[in-house]
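Coordinates in review
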Amino acid sequence: MKLSAPQFWRVRENQYKLVITICGDCGKKVVFKRPTCPYCGSGRVEYAESAGVGVVEEFTKVYFKRDSSEDRLPEVVGVVRLGEGVRVVGEIVSIRDSEVREGMEVEAVLRKYVSDDPYGIIYYGIKFKPV
Amino acid sequence: MSAYVVGGSAVKVDRHFELGYRDLAYRVVRDCSECLDVDYVVISSALPELSAHQIDLGTHVVQWLGRRIPVVRVESGESSGLAAVELAASLVRSGGARKALVLGIEKVTEYPTYTTNYFYTLTLDYEYEVLRGVTPPAYASLAMKELIKSGIRRECFSEWAIRMHENATSIPHAMLKFKISYDSFRDAQVLADPLTLYDSFALGDGAAALVLSSTPSRSDSSVEVVYTNAEVGLPAYARERISDLSASTKALKVAVEKFGLNLRKVVVELHDSYTPYPIAILRALGYLSNECGLGEFEHLNLSGGLKARGHPIGATGVYQVYEVFKLLTTGLGGRTTSSEYGVVHSMSGPDNLSRVLVLKR
């Protein structure tokens, strides 16, 4: 897999932090810093950084084999409701997959996403681990 | 001006290791007598840059076919096929083409399945979903869990798959022409718990062709494209429920109300990449209760759907329209219907983009 340094560098703020977009028109909030509100299309938005703590609302144990996934299956992917009220999807790590539960409190951590093995670029970003 | 489907053909969805993109195109056109008399070609394909190192596939295919007519390629993820038909209908209606050939072509077996799985995952947002480990079956699994929590029984999803396999047994170009049972799910490979391989589409190479014309052919062998619509949904991570497929539901609801359709009675082809999606859509439209009720539909995915006919990603929508065209005219796999309308639904990702097309006899 060929990874691009400029592509990832451009989106580093959304990969290294949990930024929330708050709409100045409809009032809704959504994860990721983005120029427009996905709900009403307004460009009148503000940003806030999440404290990175939330609760697992849903999760699934994934066995879907694909390039770059071989060394980490099964992986647990969950929907986390952050303390600020928005939902974010991500991997849940640092716990046995059989021990993940709905309602479990988790916090954001920086972990490896993918790399150009063996000597290439490594992408890091947000995952979640139990508090 | 109107647009009519006046002909078409389909290659069996399969692992065609001996056929590339242009071979598949040649084969499907060779079997379609109406396909040569056209003045525009619209090619739909989602993966050639990834699976065959080829950009501008349309031009190379037309050159290979020995033609010198304008061509454009449409890429719109899993809904590419229906987008191509929509564009061709628009060309014909506007006078931009007298007869347009739509060619849906896809190769998914150029690499091992886990590599094609990665290509398929790119129907999601690479930077904000794929890199984070989110995959299409993960979303489908979460949608299934939500639906089960809301009262739908697990058996309803299994019933969908069982019906699709049953339907596909008589379809000449279907990939999985065998029956499965509820017992099949017991030992099925898990993709993303509780979603299994039997809840997932079959991945195969394929090619399908359609000819759209501004004039109908003989009355019993052409149908009119009377409606097309496309809706963009919210990213799945921005929804309160991943199973809320509002773009699909809205697009279908508009079509149903515009033509006074009852989806239990007309020919319908729904995009069933994963079993939770058609169940969620039909439930949101009020056709299914917690007890399911799939048995009440007379012509639902008679092709076997993506589940059993197979899902050659960017070509699938062309297969769907071809199947409905055949069911409304000369018949498909020995089946004919008296339905006046046929409805085709296609979506990319978990309702990121959804399209609906209506054909009228």
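Because the structure is predicted, anything quoted here is derived from the model rather than measured.

Turning our attention to the overall build of chain B. Helix and strand content of chain B: 12 helices and 12 strands. Taking the principal axes of its C-alpha atoms as reference, chain B extends roughly 55 × 45 × 35 Å. Burial analysis of chain B (361 residues in total) assigns 60% to the buried set. Counting contacts in chain B only where the partners sit at least 6 residues apart, residues at least 24 apart contribute 80% of the total.

Residues and elements named next belong to chain B. Taken N-terminus to C-terminus, the directions of helix α7 (residues 136-149) and helix α10 (residues 276-284) make an angle of 45°; their axes are 9 Å apart at the nearest point. Viewed along their axes, α7 and α10 adopt a mutual orientation that is oblique. Judged by the sense of rotation from one axis to the other, the crossing of α7 with α10 is left-handed. Of α10, the residues touching α7 (which contributes Ala140, Ala143, Met144 and Leu147) are Pro276, Tyr277, Ile279 and Ala280. A class-by-class count of the residues in the contact of α7 with α10 yields 8 nonpolar, no polar and no charged.

Let us now look at the packing of helix α1 (residues 21-30) of chain B against helix α3 (residues 57-64) of chain B. Residue and element names in this part refer to chain B. α3 packs onto α1 with a crossing angle of 55° between their chain directions and a minimal axis gap of 9 Å. Classified by the angle between their axes, α1 and α3 sit oblique to one another. The way α1 lies across α3 gives a crossing that is right-handed. Contact residues: Tyr21, Arg22, Ala25 and Tyr26 in α1; Leu57, His60, Val61 and Trp64 in α3.

Residue and element names in this part refer to chain B. Where burial is concerned, most of strand β4 (residues 99-106) is hidden: 8 out of the 8 residues are buried. Residues of β4 alternate between two faces, with Lys99, Leu101, Leu103 and Ile105 on one and Ala100, Val102, Gly104 and Glu106 on the opposite face, all of them buried. Taken together, the 5 bridges between strand β2 (residues 40-44) and β4 define a ladder with parallel strand orientation. Bridge assignment links valine 42 to a residue of β4, and that residue is valine 102. Two elements, β4 and strand β7 (residues 206-213), share 8 bridges in a ladder whose sense is antiparallel. Looking at the pairing, isoleucine 105 lines up with alanine 207 of β7.

Another point: the domain arrangement of chain B. Residue and element names in this part refer to chain B. On domain assignment, one finds that chain B holds domain 1 (4-112 + 206-213) and domain 2 (133-195 + 219-360). Measuring from the centre of the C-alpha atoms in domain 1 to the corresponding centre in domain 2 gives 23 Å. It is helix α4 (residues 80-94) that provides the largest number of residues to the side of domain 1 that touches domain 2, a total of 8 residues. Looking at the side of domain 1 that touches domain 2, its residues break down into 19 nonpolar, 10 polar and 6 charged.

With that settled, consider the pairing of strand β3 (residues 45-49) of chain A. Residue and element names in this part refer to chain A. For β3, a buried count of 0 out of 5 residues is recorded, marking the element as mostly open to its surroundings. Note: strand β1 (residues 19-23) against β3, 5 bridges, orientation antiparallel. In the sheet register, cysteine 23 faces β3, and the bridge partner there is valine 45.

This part covers the sheet that holds β1(A). All names here are of chain A. With respect to topology, 3 strands assemble into an open sheet ordered β2-β1-β3, the strand pairing being antiparallel. Edge strands, defined here as strands with exactly one partner in the open sheet, are β2 (29-31) and β3. The average undirected angle you get between the axes of adjacent strands in this sheet is 30°. Note: β1 against β2, 3 bridges, orientation antiparallel. By the bridge assignment, threonine 21 is partnered in β2 with valine 30.

It is worth spelling out the interface of chain A and chain B at this point. Contacts between chain A and chain B engage 28 residues on the former and 25 residues on the latter. Elements with a minimum of two residues in the side of chain A that touches chain B: β2, β4 (53-62), β5 (75-82), β6 (87-92), β7 (105-115) and β8 (122-130) of chain A. Per-element accounting of the side of chain A that touches chain B gives the leading share, 5 residues, to β6(A). Of the residues that constitute the side of chain A that touches chain B, the class distribution is 15 nonpolar, 5 polar and 8 charged.

The terminal C-alpha atoms of helix α12 (residues 316-328) of chain B lie 19 Å apart, and with 13 residues this matches the ideal 18 Å at 1.5 Å per residue to within 8%. A large share of α12(B) lies buried, amounting to 13 of its 13 residues.

Looking now at the environment of B:Asp220. As for its position among the elements, B:Asp220 is in the loop between β7 and β8 (223-232). Distance from B:Asp220 to B:Thr330, taken between C-alpha atoms, is 7.2 Å for residues 110 residues apart in sequence.

Our next topic: the nonpolar core. Residue and element names in this part refer to chain B. If you look at the biggest cluster of nonpolar residues, it comprises 149 residues, and the most contacted ones within it are Val28, Ala88, Ala100, Val102, Leu103 and Leu212. Counting only domains with at least three residues in this core, you end up with domain 1 (4-112 + 206-213) and domain 2 (133-195 + 219-360). Apart from the residues within four sequence positions on either side, alanine 88 is in contact with Val42, Ala100, Val102 and Leu212.

Reading the values: rules and limits
Residues numbered from 1 in each chain as written. Chains lettered and ligands numbered in written order. Predicted model: local features only at pLDDT ≥ 70, side-chain atom pairs only at ≥ 80, totals over all residues. Helix = DSSP H or I, 4+ residues; strand = E, 2+ residues; numbered from the N terminus. Buried ≥ 20, exposed ≤ 12 C-beta atoms within 10 Å, placed from the backbone. Contact = placed C-beta atoms within 7 Å. Axes fitted to C-alpha atoms, helices over the stretch in contact; angles between N-to-C directions. Parallel < 35°, antiparallel > 145°, perpendicular 65-115°, else oblique. Left-handed = near helix turned anticlockwise from the far one by under 90°. Nonpolar A, V, L, I, M, F, W, Y, C, P; charged D, E, K, R; others polar. Pairing = 2+ DSSP bridges. Domains from an automatic or database assignment. Expected span 1.5 Å × (residues − 1). Core = buried A, V, L, I, M, F, W, Y, C linked by C-beta atoms within 7 Å.

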